[in-house]
Amino acid sequence: MKFFLKRSRIKGHFEGVAEGSARGWVFRPDQPKRPLQVEILDGDQVVATDLADQFRQDLLELGFGDGHHAFSIPLDTALMKSRTLTAREAATGQILTRPVQQSVLEQADHFVESSNKEAAITLLRENLCTFPDNQAIADKLLNLLGHEVIPSHLPGDEQWAACERSRRLLDIVLIEVEKQLQARGRL
C-alpha cells in the first residue's frame, strides 16, 4: 500500500519590479503564520533573497493569514530592466507566477518598444475580452488607439465595475472601435 503525502501548494505572485525592488507575495495555507523565504533569479542565477514578511491589507482581506506575506526585495540597478527575472519560494523552489493581467501589460509594452504597435493592440483587445473589467488593459488599449477615436465608447471606471464582466457590452464596444478605425483608415 502506498501513502501519498498531501503537498501544500504555495500561493503567491511575483508582481514585478517597482521603485528598485522586486515585489510580490507568497503564502503557505497549511502554515498561515510562517513567513516564507523568496529568491529572485535572473535566468537561473539567484541574485537576491529575503523573507516575505511585510504586511499588506489586501492579503489580510483575502484571508492570507495575518497579511504579513508580502515582499519588496531591493535589486541592483543593472537588474531593473531585465526581462528574465523570476521569483520562487526558496524551500520548495516553486516559481511565483506573474498575475496574467500584469504579464499582458508588460508584453504589450514590449511590442510597442519593438515598433510592433499592431501586435500590442491585438494582444490587448484579446485580453480585454478575457478581463473586461480590467481598467489598466482598457486604458492602455485606448492610448494605443488614440484618445480621439473612442473615448465616448469605452465605459468609465464606474461603468467597468458595474458591468461585471459583461461580454456583450465588450463586444459592442469593440465592434464600434473597429468601425471607427476602419472609417479613419487605421485598420
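Refer to the structure above for everything that follows.
Residues numbered from 1 in each chain as written. Predicted model: local features only at pLDDT ≥ 70, side-chain atom pairs only at ≥ 80, totals over all residues. Heavy atoms only, no water.

Topic: the sheet that holds strand S8 (residues 95-96)
As a reminder of what qualifies: For two strands to count as paired, DSSP must find a minimum of two bridges between them. Put simply, DSSP marks the helices as runs of H or I at least four residues long and the strands as runs of E at least two long, and each gets a number from the N terminus on.
In spatial order, the strands read S4-S3-S7-S8; together these 4 strands make up an open sheet with antiparallel pairing. Of all strands in the sheet, those bounded by a partner on one side alone are strand S4 (45-52) and S8. Pairing of strand S3 (residues 36-42) with S4, which is carried by 7 bridges, proceeds in the antiparallel orientation. Its bridge partner being in S4, leucine 36 is matched across the sheet by alanine 52.

Section: the sheet that holds strand S6 (residues 68-74)
A sheet is described by the order of its strands in space; here 4 strands give the open sequence S1-S2-S6-S5, paired in antiparallel fashion. Whereas interior strands pair on both sides, the edge strands pair on one side only; in this sheet they are strand S1 (11-18) and strand S5 (54-55). Sheet topology places S1 next to strand S2 (residues 21-27); 7 bridges connect them, and they run antiparallel. Counted as the bridge partner of glycine 16 is arginine 23 from S2.

Notes on the pattern of salt bridges
Definition in use: We define a salt bridge as a contact between a side-chain nitrogen of Lys or Arg and a carboxyl oxygen of Asp or Glu at a distance within 4 Å. Partly exposed describes any residue whose relative accessible area lies between the buried limit of under 20% and the exposed limit of over 50%, with all areas from a 1.4 Å probe on protein chains only and scaled to the type maximum.
The tally for this structure, following the rule as stated, stands at 5 salt bridges. Notably, a salt bridge pairs aspartate 30 with arginine 28, separated by 2.8 Å at the nearest N-O pair. Given a relative accessible area of 45%, aspartate 30 falls into the partly exposed group. For arginine 88, the salt bridge identified is with glutamate 39, shortest N-O distance 2.5 Å. Here glutamate 39 lies in strand S3 and arginine 88 lies in strand S7 (residues 85-89), a separation of 49 residues in the sequence. On the basis of relative accessibility, which here comes to 16%, the residue glutamate 39 falls in the buried class. Each member of the salt-bridge network shares a partner with another, and the members are Glu15, Arg56 and Asp58.

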